Every structure is written in structure tokens, then in C-alpha cells.
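Coordinate analysis (summary)
Residues per chain, in single letters:
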Amino acid sequence: MSKLNELTLAEARKGLTDKTFSARELTSAHLDAIESAGVLNAYLLSTTDLALTMADASDARRMNAQTGPLDGIPLGIKDLFCTKGVRTTAGSKILGDFTPTYESTVSANLWRDGAVMLGKLNLDEFAMGSSNETSAFGPVVNPWRAKGEAQNLVPGGSSGGSAAAVAAQLCLGATATDTGGSIRQPASFTGTVGVKPTYGRCSRWGIVAFASSLDQAGPIARTVEDAAILLNSMAGYDPKDSTSIKADVPDFTAACTQPLKGKRIGIPKEYRVDGMPAEIEKLWANGMDWLRAEGCEIIDVSLPHTKYALPAYYIIAPAEASSNLARYDGMRYGSRIEGADLAETYQNTRGQGFGEEVRRRIMIGTYVLSAGFYDAYYIRAQKVRARITEDFKNVFEKCDALLTPTTPSSAFGIGARNNDPLQMYLNDIFTVTANLAGLPGISVPAALDNTGLPLGLQVIGKALDEETCFAVGAALERAAGFNTRPGKWW
Ligand code: GLN
């Protein structure tokens with residue numbers, strides 16, 4: 001048998017049910033793997049004692065035949081989810097010593113179903129970034145390296161710790177959040193599966209807010225089925241989040257084996273961007289062939305406002321961030337850095353507590369919301385957002401889901417792109433549209449590029465139709481036969 005941390009979540013669940021191993025053994029295997037992977041910097045905190053206590057409690061439940069759907073399954077939690085009694089930093093110095101007295105709804109749902117918490121995962125500061133390099137606690141290193149190279153690569157972001165931990169087998173699955181691509185882009189960079197559900201599918205309660213109208217929680221896992229199992233537990237209506245949707249949570253695992261015959265898959269022509277590497281074009285074409293072989297009809301569609309999506313996102317997201325982050329003033333929230341008077345205390349607290357990218361977003365957001373510029377930027381961006389949503393509504397009259405690449409490139413080197421913010425923002429070109437329109441999307445690893453790095457394909461579905469995303473995603477996974485893991489060098 002392979003090492004316990006090398007199993008898929010579904011295999012581990014079966015092993016626990018069959019009593020082939022205990023939750024304590026499964027958890028210990030992961031804690032050992034985490035301990036020897038410090039160089040990846042994926043975990044900001046490993047909650048060893050708590051993990052073993054939770055594992056023992058799970059084993060006791062199993063003795064009494066009182067198990068939940070995730071009983072004994074060890075998971076990592078992105079450090080944006082508040083965890084009761086466990087430090088939660090949002091990757092920021094300003095929350096460096098914050099210990100919540102409450103639990104986020106999503107993580108509470110996982111514990112309700114019996115899961116075990118291994119620790120808190122690194123991320124870009126306040127989830128702002130595409131490479132995990134904005135974390136105040138240092139970058140995460142992608143467990144993947146290009147063939148024959150020793151250069152450290154980024155895992156993508158902002159859920160870089162989640163993606164790296166899943167890829168390096170330091171947990172069976174992880175929570176993540178996606179405001180503009182932060183689940184799907186790191187999944188693509190690490191050969192893992194990432195699902196951004198419909199806006200409102202998972203509760204935002206207890207998740208540190210970045211841009212509230214775009215933020216959505218979802219899972220990162222090693223297979224489509226594992227992601228479906230996790231989302232079944234994470235999702236659900238929550239009266240504590242006013243934007244949470246009152247809708248039944250279907251069985252997403254059943255969707256993974258749904259036949260695709262007769263499904264119409266749209267290929268948006270605007271996603272064929274200038275300078276797209278030939279390999280990504282080819283992967284996209286392969287994806288179309290794989291789905292044709294499953295009986296799908298591939299049709300060309302147009303989302304004409306796509307070119308305005310990134311500019312609109314980078315107005316709306318910073319605007320909401322500047323408002324959400326106003327609370328960290330060292331008085332109400334956040335570590336205080338004293339000054340000679342109140343004004344200087346505010347300046348010190350916010351100037352030193354936030355990193356450069358977060359300060360940039362707060363300044364952009366404050367500017368686009370200020371009197372005189374509000375109409376020109378913020379209102380205009382909202383109008384663009386409405387057009388983008390309408391584009392999707394129109395194409396979904398002709399097709400059931402869209403197929404696109406997840407990212408315009410594979411993982412890049414640490415330090416290679418972090419002095420040009422615009423270059424960094426381009427990472428999100430294929431992912432932000434789903435956030436602006438509130439739609440579900442999945443990234444599935446589909447190939448290795450010629451340097452040996454993973455590339456993902458994205459499926460975008462209709463609102464509340466994650467099932468089709470899972471069905472198409474699972475078909476792509478089967479056809480691609482991608483089960484490669486990074487060679488262990490750490
Ligand atoms: N990379 C995007 C940004 O920096 C998206 C981040 C996210 O989805 N949290 O805003």
C-alpha cells in the first residue's frame with residue numbers, strides 16, 4: 001500500500017471505513033509529511049496536538065458507528081478562515097496575533113462532518129495576489145519544478161499554501177477562496193483540482209473579507225471526486241451570511257459520473273488572447289476533442305465584453321477591499337503601532353501593518369470611490385460587470401458550460417513577476433469573469449507543458465449548476481489521465 005498521505009481523499013475514506021488504518025495513523029502520516037516539508041512554507045501553523053485530538057475523537061466515533069461523511073479526514077485550512085482558538089492571520093502582519101473566538105461556517109461544516117484540522121495554510125496577504133509572494137510570512141514554494149531545473153517556482157495565489165499542500169501530499173484536501181481566480185489559478189499551477197462554486201453557495205461568514213461581492217470559498221483537492229466530496233460538506237445555506245443562497249446542495253459526487261452525451265460546450269472566442277503559448281492552444285483543442293469523444297457538441301460562442309473584465313475587476317475588487325480593510329486601524333481591529341498622536345498611530349498601524357500590494361489596493365480603491373471619480377470609475381465598472389453577466393446569460397441559452405484554459409501560462413519563478421503589478425494581474429484573465437458574474441468554475445489538471453509543469457483546463461457553468469462543472473471536469477480528468485505528482489526534492 002502507498003503511504004497514507006499519498007491516498008486520495010476517497011481512498012482514505014474507504015480505508016477508514018474498512019478499518020485498514022485509523023484516523024490517528026492517517027493524521028500522523030500527514031503531520032510527519034508536513035514536518036519534513038518546511039521549505040515549501042505551505043503551512044503557517046501546524047496544529048499538531050489539536051489534529052491528534054480530533055483524530056482520536058474520530059476513531060472513538062467510528063467505534064460507536066457514529067461517523068460523518070468526512071470522519072477522520074485530515075485537511076488544511078487557508079488562513080483566511082477564522083478558526084476558534086487557532087491563530088488566523090490572513091497572511092498579514094496586521095492580524096499576526098489574532099486568535100478568533102469563533103469558527104467560520106465553512107470550517108465548522110467540515111468539523112461537523114468529522115474532518116481533522118492539520119493546520120493553517122499560507123496565502124497572499126488578505127488574498128490579494130496571484131503568486132503567494134505578498135504573504136507577510138514569506139512566499140510558498142511550488143512543489144513542482146521544471147525538468148532538470150532547481151529554480152523555485154510560485155504555486156500561484158492567493159490560495160498558494162492550499163494548492164502546494166495538496167500537491168505535495170501534506171493534506172488530503174484544503175479549503176481555499178476565490179475572488180478573481182485564487183482557487184483555480186493555483187490549482188492549475190500545481191496540478192490539482194480547484195472549484196469556485198456559485199457566489200452564495202458557501203457561506204462567507206467568518207472568512208476574512210477581501211471583496212465581498214466576489215469572494216467565494218471552495219475546495220482544492222487531488223481529484224475531481226475528492227473536490228466534490230469536500231464541497232458537499234462545505235456548501236449550504238447559512239442565515240449568518242445575507243448573500244448565502246437558500247438552495248439544496250445536490251450530491252456533487254454523483255455528478256462526477258453523469259453522462260455528457262448531448263451536452264453543448266461553448267468555446268468563447270475572446271479567450272484566444274494574443275501571445276497565448278501554442279501549448280495552451282493545443283491543450284484547449286485536446287480538451288474539445290476529449291469532450292467530443294464523450295458525445296458533447298462543441299460550439300463557438302462569443303462573450304464580447306471579456307476585454308473589459310480585468311479592468312473592471314481591478315476597480316471593483318480594490319474598491320470593496322478599501323472599504324472592508326478600513327476596520328484595521330489598530331483601535332477596533334489589528335495590531336496597533338503607537339505614534340505620538342492618534343493620526344500618527346493610524347499611519348503607523350496601517351503603513352507598517354499592511355504590505356505593499358495591500359496598500360496599493362487600498363489607495364486604488366479609495367481613489368475610485370472618491371467624490372468626483374466615483375462615476376467615472378466605480379459606477380462604470382459596475383456597468384461593465386452587468387454587461388459581462390449578460391454576456392454569460394446569452395451564451396448559456398446556447399450551451400450548457402464553457403471550456404477555456406485556466407491560466408495563460410504555467411507556474412513562473414519566484415521573483416520573476418512581482419515588480420510589475422499589471423503583469424501579475426494578467427494571470428487572472430481567464431478566471432475573473434466567473435467571479436464578476438457569480439458563476440461556478442472548476443480547474444482540472446490536463447497536461448504537463450514541455451518543461452514538465454502542469455497546465456489546467458477550466459469549465460465555467462451556469463449559476464447553481466456546479467453539477468455540470470463536475471461532470472465535465474471528471475470527463476476531462478479521465479481523458480487526460482493526469483495522475484502525475486511532483487517529484488519529491490524537499
Ligand atoms: N489574483 C487576484 C487578485 O489579486 C485574485 C485574488 C483572489 O481571487 N483572491 O486580486
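Rules used throughout
Every chain is numbered independently, its residues counted from 1 as its sequence is written. Selection of residues for local features in this predicted model requires a pLDDT of at least 70, selection of side-chain atom pairs for listing and counting requires 80 or more, and totals for whole chains, interfaces and linings are taken over all residues. To get the side-chain values, take all heavy atoms of the structure and skip hydrogens and water. We count a stretch as a helix when DSSP gives it H or I for four or more residues in a row; a strand needs E for two or more, and each element gets its number in order from the N terminus. What a helix is expected to span follows from its residue count: subtract one and scale by 1.5 Å. In what follows, residue pairs with any heavy atoms lying within 4.5 Å of each other are defined as contacts. Any residue with a heavy atom lying within 4 Å of a molecule or strand is counted as near it. What qualifies as a polar contact is a pair of N or O atoms within 3.5 Å, subject to a donor-acceptor requirement within protein and to the restriction that residues adjacent in sequence count only when both atoms come from side chains. Using protein atoms alone on a 1 Å grid, points that fit a 1.4 Å probe yet trap it form a cavity, whereas open point sets bounded by protein on both sides within 12 Å along at least five of seven lines form a pocket; residues with an atom within 4 Å of a point count as lining. Those molecules having more than half of their atoms within 2 Å of a cavity or pocket grid point set are described as sitting in that cavity or pocket. Side-chain classes are defined by residue name, with Ala, Val, Leu, Ile, Met, Phe, Trp, Tyr, Cys and Pro counting as nonpolar, Asp, Glu, Lys and Arg as charged, and the others, Gly among them, as polar. Only the six-membered ring of Trp is used, alongside the rings of Phe and Tyr, when aromatic pairs are assigned; centres must lie within 6.5 Å, and planes under 30 degrees apart are stacked while those over 60 apart are edge-to-face, with the rest tilted. Relative accessibility decides the category of a residue: with a 1.4 Å probe and only protein chains considered, values under 20% of the type maximum give buried, values over 50% give exposed, and everything between is partly exposed. Only when the NZ atom of a Lys or the CZ atom of an Arg is both within 6 Å of the ring centre and within 35 degrees of the ring normal do we say a charge sits over the ring. For patch detection, residues must exceed 30% relative accessible area and be free of salt bridges, and they are connected within 9 Å for like charges or within 5 Å for nonpolar side chains (Val, Leu, Ile, Met, Phe, Trp, Tyr). For accessible areas, the Shrake-Rupley method is used with a probe of radius 1.4 Å. Any residue's cover is judged against the shown protein chains and nothing else. In the sections that follow, a salt bridge refers to a side-chain nitrogen of Lys or Arg positioned within 4 Å of a carboxyl oxygen of Asp or Glu. All axes are obtained by fitting lines to C-alpha atoms, using only the stretch in contact for helices, and the reported angles, taken between N-to-C directions, cover 0 to 180 degrees. Between 65 and 115 degrees an angle is taken as roughly perpendicular, under 35 as roughly parallel, over 145 as roughly antiparallel, and anywhere else as oblique. Grid points are joined across faces, edges and corners, and a volume is the space filled by probe spheres set on the points. The hand of a helix crossing depends on one turn: near helix anticlockwise from the far one by less than a right angle means left-handed, and clockwise means right-handed. Each pair of strands is called paired provided DSSP finds at least two bridges between the two strands. What makes a nonpolar core is a set of buried Ala, Val, Leu, Ile, Met, Phe, Trp, Tyr and Cys residues whose side-chain atoms join them at distances within 4.5 Å. You can read pLDDT as the predictor saying how much it trusts each residue, on a scale of 0 to 100. Throughout, a disulfide means two cysteine sulfur atoms within 2.5 Å of one another.

**Observations concerning helix H12 (residues 356-369)**
With 14 residues, H12 should cover 20 Å at 1.5 Å per step; its first-to-last C-alpha distance of 20 Å lies within 8% of that length. Contacts made by the buried residues of H12 are with helix H10 (309-324), helix H11 (342-353), helix H13 (374-395) and helix H14 (421-425).

**Focus: the site of the ligand**
The environment of the ligand is formed by 15 residues, the closest being Thr179, Gly180, Ser182, Tyr313 and Arg361. Arg361 places a side-chain nitrogen or oxygen 2.7 Å from an oxygen atom of the ligand. According to the grid-proximity analysis, the pocket containing the ligand is the largest cavity. For the shell around the ligand, the residue count by class is five nonpolar, seven polar and three charged.

**A word on the packing of aromatic side chains**
On inspection of all chains with the given rule, the structure shows 17 aromatic pairs. Ring geometry for Phe189 against Phe412: centres 5.7 Å apart, planes inclined by 90°, an arrangement best described as edge-to-face. A residue pair is termed long-range when its members are at least 10 positions apart, and Phe189 in helix H6 (residues 184-190) and Phe412 in the loop between strand E9 (401-405) and H14 qualify at 223 residues. There is no split in this pair, since Phe189 and Phe412 are both buried. Seen in terms of ring centroids, Tyr328 and Phe354 are 6.4 Å apart; in terms of plane orientation they differ by 90°. Their pairing is edge-to-face. Of this pair, Tyr328 sits in the loop between H10 and H11 while Phe354 sits in the loop between H11 and H12; the two residues are 26 residues apart in sequence, bridging distant segments of the chain. No difference in accessibility class separates Tyr328 from Phe354, as the two residues are buried. An aromatic cluster is present here, built from Phe126, Tyr328, Tyr333 and Phe354 joined pairwise through their rings. Residue placement shows Arg87 over the ring face of Phe137; its charged tip is 5.7 Å from the ring centre. Note that Arg145 overlies the ring of Trp489, its terminal NZ or CZ placed 3.5 Å from the centroid.

**Points about a nonpolar patch on the surface**
Taken together, Met331, Leu342 and Tyr346 make up a surface patch of nonpolar side chains, about 270 Å² in accessible area. Turning to its location among the elements, Tyr346 is positioned in helix H11.

**A look at the packing of helix H9 (residues 278-293) against helix H16 (residues 466-480)**
It is the contact of H9 with H16, at a shortest axis distance of 10 Å, that shows an interaxial angle of 105°. Here H16 runs roughly perpendicular to H9, going by the angle between their axes. Two secondary-structure elements touch here, H9 through Gly287, Trp290 and Leu291 and H16 through Val472, Ala475, Leu476, Ala479 and Ala480. Along the lines of polarity and charge, the residues of the contact of H9 with H16 split into seven nonpolar, one polar and no charged.

**Digging into empty space enclosed by the protein**
On inspection of all chains with the given rule, the structure shows one cavity of 30 Å³ or more. By volume, the largest cavity amounts to about 70 Å³. Along the wall of the largest cavity there are 15 residues; nearest its centre are Ala127, Gly129, Ser182, Tyr313 and Asp428. Here the lining of the largest cavity is built from residues that sort into five nonpolar, eight polar and two charged.

**A look at the packing of H10 against H13**
Taken N-terminus to C-terminus, the directions of H10 and H13 make an angle of 125°; their axes are 9 Å apart at the nearest point. By the angle class used here, H10 and H13 are oblique. Crossing hand, H10 versus H13: left-handed. Only Tyr377, Tyr378, Ala381, Gln382, Val384, Arg385 and Ile388 of H13 make contact with H10, whose side of the interface consists of Ala309, Ala312, Ile315, Ile316, Ala319 and Glu320.

**What about the pattern of salt bridges?**
All told, the structure shown has 16 salt bridges when counted by the stated rule. In this structure, Arg61 engages Asp71 in a salt bridge whose closest nitrogen and oxygen atoms are separated by 2.9 Å. Highlighted residues: Arg61 in helix H3 (residues 48-63) and Asp71 in the loop between H3 and strand E2 (74-78), separated in sequence by ten residues. Since its relative accessible area comes to 2%, Asp71 is described here as buried. Between Glu281 and Arg272 there is a salt bridge, with its nearest N and O atoms 3.5 Å apart. If you follow the salt bridges from partner to partner, you end up with Glu357, Arg360 and Arg361 in one network.

**A word on the pairing of strand E10 (residues 441-448)**
Of all the eight residues making up E10, six are buried; the element is thus mostly covered by neighbouring parts of the structure. Across three bridges, the pairing between strand E5 (residues 193-196) and E10 is antiparallel. Its bridge partner lying in E10, Gly194 is registered against Ser443. Direction of pairing for E10 relative to strand E11 (residues 454-461): antiparallel, over a ladder of seven bridges. Looking at E11, one finds that Val444 is bridged to Leu457.

**So, the side chain of Glu466**
Its location among the elements puts Glu466 in helix H16. Take Glu466: its relative accessible area is 1%, and that puts it in the buried class. Once residues lying within four places of it in the same chain are set aside, the contact partners of Glu466 are Pro197, Thr198, Arg201, Leu231, Phe252 and Pro440.

**With respect to the nonpolar core**
With 153 residues, the main nonpolar core has Phe126, Leu170, Leu291, Phe392, Leu403 and Phe470 as its most contacted residues. The greatest single-element share of this core, amounting to ten residues, is contributed by H10.

**Quick word on the confidence of the model for the protein**
Per-residue confidence for the protein gives a mean pLDDT of 97; residues scoring 70 or more make up 100%. Across the protein, E2 holds the top mean pLDDT of 99, while H14 sits lowest at 88.

**Focus: the state of the cysteines**
Inspection of the entire model under this criterion finds zero disulfides. No disulfide involves Cys82; its sulfur sits 16 Å from the nearest other cysteine sulfur, which is in Cys202. Residue class for Cys82 comes out buried when judged on its relative accessible area of 3%. Lacking any disulfide linkage, Cys469 is separated from the closest cysteine sulfur, that of Cys256, by 11 Å.

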